[in-house]
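Residue-level structure breakdown
Here is what each chain is made of, one letter per residue.
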Amino acid sequence: MAAARRHKSVAAAQPGFLPFKSSLDGNSSAIKRRKRVNKNKKKSWNKFSDIQDVEEFLDDVRLQERATGGLISEKTDESLFFVDTGITVEKDTKDTQAETTVKKGKHSKPLRIDLILQPDSRIPAPKNVLAFQQPNAKKQRRISERAAKLAATGVLPRREKLLQLRRAAAASGVSVKEHPVANNNPERAFYDLWNAGTPETADPYYLEQTKKKLVKRPERLNEKPSVLPAIEVIAPGGSYNPDFFSHQDLLREAHEVEVKKQKAEEKLARQLAVNEDKATEESTFKEQVEGLIDEEEIEPQETEGDTEDTVIGPTATEEKKTEKQRKKEKAKRIKELQRKAERQMIHKQQQLFQLRSIHASVKKQEQRTKMRQAQRKAQQETQKSMPRRLGRLKFQTPDLDVQLSNELASSLRSLKPEGSILKDRFKSLQKRNIIEPRERAKFKRKHKLKYSEKRAFREIE
Amino acid sequence: MGGLQKKKYESGAVTNYVSRNKARKKLSLSLADFRRLCILKGIYPHEPKHKKKVNKGSTAPRTFYLLKDIRFLLHEPIVGKFREYKIFVRKLRKAYGKAEWSGVERMKENKPVYKLDHIIKERYPTFIDAVRDVDDALSMCFLFSTFARTGKCHVQTIQLCRRLGVEWMNYIIASRSLRKVFLSIKGIYYQAEVLGQTITWILPYQFAHDHPTDVDYRVMATFTELYTTLLGFVNFRLYQTVNLVYPPKLDGQGEFNLKSESEEDYALESESYSEKLSALSASLARTVPLAEDEEAELDHFPAEGEDLEKMESREKIELEQNKQKKLFEGLKFFLNREVPRESLAFVIRCFGGQVSWDKSLCIGSTYDETDETITHHIVDRPSIDKQYINRYYIQPQWVYDCVNGKILLPVEEYFLGVTLPPHLSPFVEESEGDYVPPEKLKLLALQRGEKPQAEYDEEEEEEDEDDEEEDDQSEDEDEAEDEANLAKMEGKRAQGKSLSVKVTPGKAKPENRMRAEQEEKAEEKRLAIMMMKKKEKYLYDKIMFGKKRHVREANKLAAKRKAHDDGNKADKKKKKKKKC
């Protein structure tokens, strides 16, 4: 490019150069007085050097190139001029042109939008170098060379191998491995899971390390967390056409539950009620005699005790013990010990005579421990069938499903089912300690709602 | 003395437990995924004995897991799949946001899936373990199969549940292992005996759904995911045990019969087969053709540690069961359109009956209403216009009561428009001395082979029972009288009065051997009671008192019932008189 530009500038400097625009012709631009500026900085150079003439010239060169495909000064005379010999030829050509346009009709006429988009420059667009350049050509060449070398020795890349395998499978009619089927696909296939497959022959250590063998499930996990059955059958009173008495039994049970609930509610209400002070006879009387009787003043007596406890910690004022005192103390200690030992001996001897009562007490104690053990065991047994406290919430026993006597259906057709089995199953899972009781998370708004009037709807004032 | 000071909550119970949040973090799963994993693997939360110690001094209620369980979970390959799925969802959401539809397609094609087969194998090491635990799975599958396809759960899950439920019902029909049915206000309870295991499940009534809001659907869906896999494998194995083809195929000739023109009205071509299977009216194809009446009587030998008596009772039970299995054999039922078709078809077919319904009601009907050989027509409306002479028109409860009673009950009480006898629960087993409703007594009498009686007969029976009790009492009284006599005589002797001794010609007492035997037994019992230690005697008295109280209560209830019935009767009579 630089070379071309130089070339152009050289051409322009020559006396025969013809500028394309007439305005450029001659020294039309008045010579202004040069402004004196320091040009010791790049910025000032850029700002104050006058390059307009050069720019104009270059623009003209570009225009010439675009319009004619080269500089006019370099063109041959034949390409620029022709000898005018007559009008007829032109007419002919015009006629033929008109005919052809008529013949072609509307359809052949290009759209104006296309015409606008048509490049009007005579210079061909520069080639996109990147489009023809191969990135990493050297690297790829090396890779291909290596692959060819390996292929010669018979080693194929993985992709190639897989392709060949697939081709072979297709040729032999075996279906290619499909996508794994989703768990809940209604058409999924089942097989005999529990038949004894071929025993593993590989090294167990290898299998373990490669995670092909799963970790053994501990036995403890196969125990059920509750002894309750999976399906608890409803009481006989829950039949759609129940026996009178069993139905009454069920109703009574439900009634008792309801009564208990109500009692608890009432108790709560009672406890929460505002304790209003109602004036009794006594209180009104007291009020009336207020101030008439001299009340004995009770003096606070708390202040007296404070003065005594001023010393904190032991005082170091005690004098050192003398040798004599020490010896005396030691003798006293030994004597005490001896006395104790003696008493113990005597006690032991005495126990010989108490053998019977001791025996009785031991027996009693044993009995008691046995009883307690039994009790504890029984309690543990009952605990096994109870829902445990597994989380923040306690298990709430669901309401009994009951139909009142007047709700009972006269026939199977008119039966209205009571309760939901889905809920029943869910509660059963909770009751059996399989899942912890939870409540639905409450929706909490993060940001406050903001109200604004829309233009379309305005409050009527 | 020396050593480091022990810190609190660093040893003991704390080290065995881990809180839910800690466990979740250890597995680096979201809470939903963690919950799902626990359900699939059968890891349940645990309540520690000393909560405060485990909770590091805090008394805030918290969910705890055993640390060893969580360590075990760390090895689970599905955990990786969960993480993969999480990434998948994230990528998919991004692609959606960018509207890269081809990318979405590609991702959806490569959606990560996981299998639960190894978990089933791990949780149920033997087939029998799985069968024992199939109650829950069945109830859940049947429940989900009745859901509307409204987006509460995947449509595919519903379809799979339906398929498995139908497979199970077909197996029960083929193996004739249904034992009890109970129509409750909640749903229908079924009980079957499969490979020696008693299996109970509950089925909701059709179209009885309101979706409760306090149920976590995600948790239930996870359970269903596990249970469908379990039930699928169990079904496969069960089909093998009775030589049925799996996946179930209709029997060849049955299929031929079923081909009718109106088939397209019910289902698409692709679905019609499964619909026909779920109609339950045709039998299934077997891998080994069933040779009829080839069951030779096997010789029974008493197992070790089992005496002859036990074996006999077992044989008796077996015989009874075989009889029950063929309860409806040879009977031909027709279901009117207002009765619960699926339940009735299932029950009837389980006991060898033939069943059909109106062609416009459902696919798979085998014969028309006009068929002359139909023996029972099940109707649930007060009256019907066109009646055939040679068949009974009965209400659906008859079928269920027959199944529970193990005999064909008299149809009179179940005719159209008749007030039905109560539908008793077959799941209650009365122990001795309990109150037994008179309907059940009647049923028991029928089972014993006694003739069906009119109402007053039944009352008489009750009276008979009362008489028996009275007899017992009178015996006791007799004994007391004897003793009194003896005492009197002795008293007289002590007073020194001469007794009037006379020799009279002896009368040959007709020796009643039975009576003598009974007396002897009673005497023995009395002596045994006399010989009891004080402590044992006390206990014995207590037990006897309890029993007597029980009987008294039962008697009271029976009397009440009688009074109730009498009252009802009187009312009826009055009404009749008024009408007159």
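Per an unreviewed UniProt entry, chain A goes by the name Ribosome biogenesis protein NOP53 and belongs to Onychostoma macrolepis. Under Sequence similarities (unreviewed entry), UniProt gives the following word-for-word description of chain A: "Belongs to the NOP53 family." Word for word, the UniProt comment on chain A under Function (unreviewed entry) is "May play a role in ribosome biogenesis."

A closer look at unusual backbone geometry
A cis geometry characterises the amide bond from Tyr246(B) onward to Pro247(B), with omega recorded as -5 degrees. Counting through the fold element by element, Pro247(B) comes out in the loop between helix 11 (217-241) and helix 12 (252-258). Its identity as a non-glycine residue notwithstanding, Asn433(A) has a phi of 65 degrees, on the positive side. In this structure, Asn433(A) sits in the segment after helix 15 (421-431). Unlike most non-glycine residues, Tyr9(B) shows phi in positive territory, near 55 degrees. Note that Tyr9(B) resides in the segment before strand 1 (17-19). Assessed through its relative accessible area of 29%, Tyr9(B) is described here as partly exposed.

Things to note about the pairing of strand 3 (residues 178-183) of chain B
All names here are of chain B. The buried fraction of strand 3 amounts to six of the six residues, a majority that puts the element mostly inside the structure. In terms of strand pairing, strand 3 meets strand 4 (residues 187-194) through five bridges, oriented antiparallel. The partner of Lys180 across the bridge, within strand 4, is Gln191. As consecutive antiparallel partners, strand 3 and strand 4 are separated by three residues.

Some points on the sheet that holds strand 8 (residues 376-378) of chain B
All names here are of chain B. Strand order in this open sheet of four strands is 7-6-8-9, and the pairing throughout is parallel. Among the strands making up the open sheet, the edge pair consists of strand 7 (354-357) and strand 9 (392-394). Taking the axes of each pair of neighbouring strands and ignoring which way they run, one obtains an average angle of 25 degrees across the sheet. Pairing analysis gives four bridges linking strand 6 (residues 332-335) to strand 7, with the strands arranged parallel. Bridging from a neighbouring strand, Phe334 pairs with Ser356 of strand 7. Sheet contacts for helix 15 (residues 341-350): strand 6, strand 7 and strand 8; angle to strand 7, the most-contacted strand, approximately 160 degrees.

Observations regarding the sheet that holds strand 4 of chain B
Residues and elements named next belong to chain B. A sheet is described by the order of its strands in space; here three strands give the open sequence 3-4-5, paired in antiparallel fashion. Two strands lie at the open edges of the sheet, namely strand 3 and strand 5 (197-204), each paired on one side alone. For this sheet, the mean angle separating the axes of adjacent strands, direction not counted, is 15 degrees. Sheet topology note: the strand 4/strand 5 ladder contains eight bridges and is antiparallel. Across the sheet, Glu193 pairs through a bridge with Thr198, a residue of strand 5.

Overview of the interface of chain A and chain B
Counting residues at the interface gives 71 residues for chain A and 110 residues for chain B. Together, Phe190(A), Trp194(A) and Leu422(A) form the three largest contributors to the area buried by chain A at its contact with chain B, with a combined 11%. Taking the shortest distance from any N to any O, the salt bridge between Asp136(B) and Arg432(A) comes out at 2.8 Å. Every element with two or more residues in the side of chain A that touches chain B is listed here: helix 11 (244-272) and helix 15 of chain A. In terms of residue count, helix 15 of chain A provides more of the side of chain A that touches chain B than any other element does, seven residues in total. Of the residues contributing to the side of chain A that touches chain B, the split by class is 34 nonpolar, 14 polar and 23 charged.

Side note on the pattern of salt bridges
Tallied over the entire structure, the rule returns 40 salt bridges over all chains. Between Glu336(A) and Arg339(A) there is a salt bridge, and its shortest N-O distance comes to 3.1 Å. Note that Glu336(A) and Arg339(A) are positioned in helix 13 (residues 323-353) at a spacing of three residues, about one turn of the helix. Residue Glu336(A) is classed as partly exposed on the basis of its relative accessible area of 37%. Residue Arg339(A) is classed as partly exposed on the basis of its relative accessible area, which comes to 45%. The residue Lys41(B) makes a salt bridge to Glu76(B) at a minimum N-O spacing of 2.5 Å. On the criterion of sequence distance, the pair formed by Lys41(B) in helix 2 (residues 31-41) and Glu76(B) in the loop between helix 4 (67-73) and helix 5 (77-98) is long-range, its members being 35 residues apart. Across the pair, exposure class does not vary: Lys41(B) and Glu76(B) are buried alike. Taken together, the shared-partner salt bridges in this structure form one network comprising Arg217(A), Lys41(B), Glu76(B) and Glu122(B).

Looking at the packing of helix 10 (residues 155-175) of chain B against helix 11 of chain B
All names here are of chain B. The N-to-C vectors of helix 10 and helix 11 enclose an angle of 30 degrees; their axes lie 10 Å apart at closest approach. Taken together, the axes of helix 10 and helix 11 are roughly parallel relative to one another. Between helix 10 and helix 11 lies a crossing whose hand is left-handed. Two secondary-structure elements touch here, helix 10 through Thr157, Leu160, Cys161, Leu164, Glu167, Trp168, Asn170 and Tyr171 and helix 11 through Thr224, Thr228, Leu231, Gly232, Asn235, Leu238, Tyr239 and Thr241. The residue inventory of the contact of helix 10 with helix 11, partitioned by class, reads eight nonpolar, seven polar and one charged.

Thoughts on a positive patch on the surface
Residue and element names in this part refer to chain B. Together, Arg83, Lys86, Arg90, Lys91, Arg93, Lys94, Lys98 and Arg106 line one region of the surface with positive charge. When residues in the positive patch are grouped by element, the largest group, seven residues, is from helix 5. Tracing the backbone shows Lys86 in helix 5. Residue Lys86 is classed as partly exposed on the basis of its relative accessible area, which comes to 45%.

Observations regarding the UniProt feature "coiled-coil region" (unreviewed entry) in chain A
Under the UniProt annotation, "coiled-coil region" (unreviewed entry) lies at residues 247-274 of chain A. Secondary structure across residues 247-274 of chain A divides into 93% helix and 0% strand, with the first and last C-alpha atoms of the span separated by 42 Å.

Observations regarding a negative patch on the surface
Taken together, the side chains of Asp307(B), Glu309(B), Glu312(B), Glu315(B) and Glu318(B) make up a negatively charged region of the molecular surface. Of note, Asp307(B) is situated in the loop between helix 13 (269-279) and helix 14 (308-325).

Definitions and cut-offs
- Residues numbered from 1 in each chain as written.
- Chains lettered and ligands numbered in written order.
- Predicted model: local features only at pLDDT ≥ 70, side-chain atom pairs only at ≥ 80, totals over all residues.
- Heavy atoms only, no water.
- UniProt positions renumbered as here; feature names shortened; annotations may be inferred.
- Helix = DSSP H or I, 4+ residues; strand = E, 2+ residues; numbered from the N terminus.
- Buried < 20%, exposed > 50% of the residue type's maximum accessible area, 1.4 Å probe, protein only.
- Pairing = 2+ DSSP bridges.
- Axes fitted to C-alpha atoms, helices over the stretch in contact; angles between N-to-C directions.
- Contact = heavy atoms within 4.5 Å.
- Buried area = accessible area lost by both parts, 1.4 Å probe.
- Salt bridge = Lys/Arg side-chain N within 4 Å of Asp/Glu carboxyl O.
- Nonpolar A, V, L, I, M, F, W, Y, C, P; charged D, E, K, R; others polar.
- Parallel < 35°, antiparallel > 145°, perpendicular 65-115°, else oblique.
- Left-handed = near helix turned anticlockwise from the far one by under 90°.
- Patch = residues over 30% accessible without salt bridge, like charges linked within 9 Å, V, L, I, M, F, W, Y side chains within 5 Å.
- Areas by Shrake-Rupley, 256 points an atom, 1.4 Å probe, with all protein chains shown as cover.
- Lys, Arg positive; Asp, Glu negative; His and termini not counted.
- Charge placed at Lys NZ, Arg CZ, Asp CG, Glu CD.

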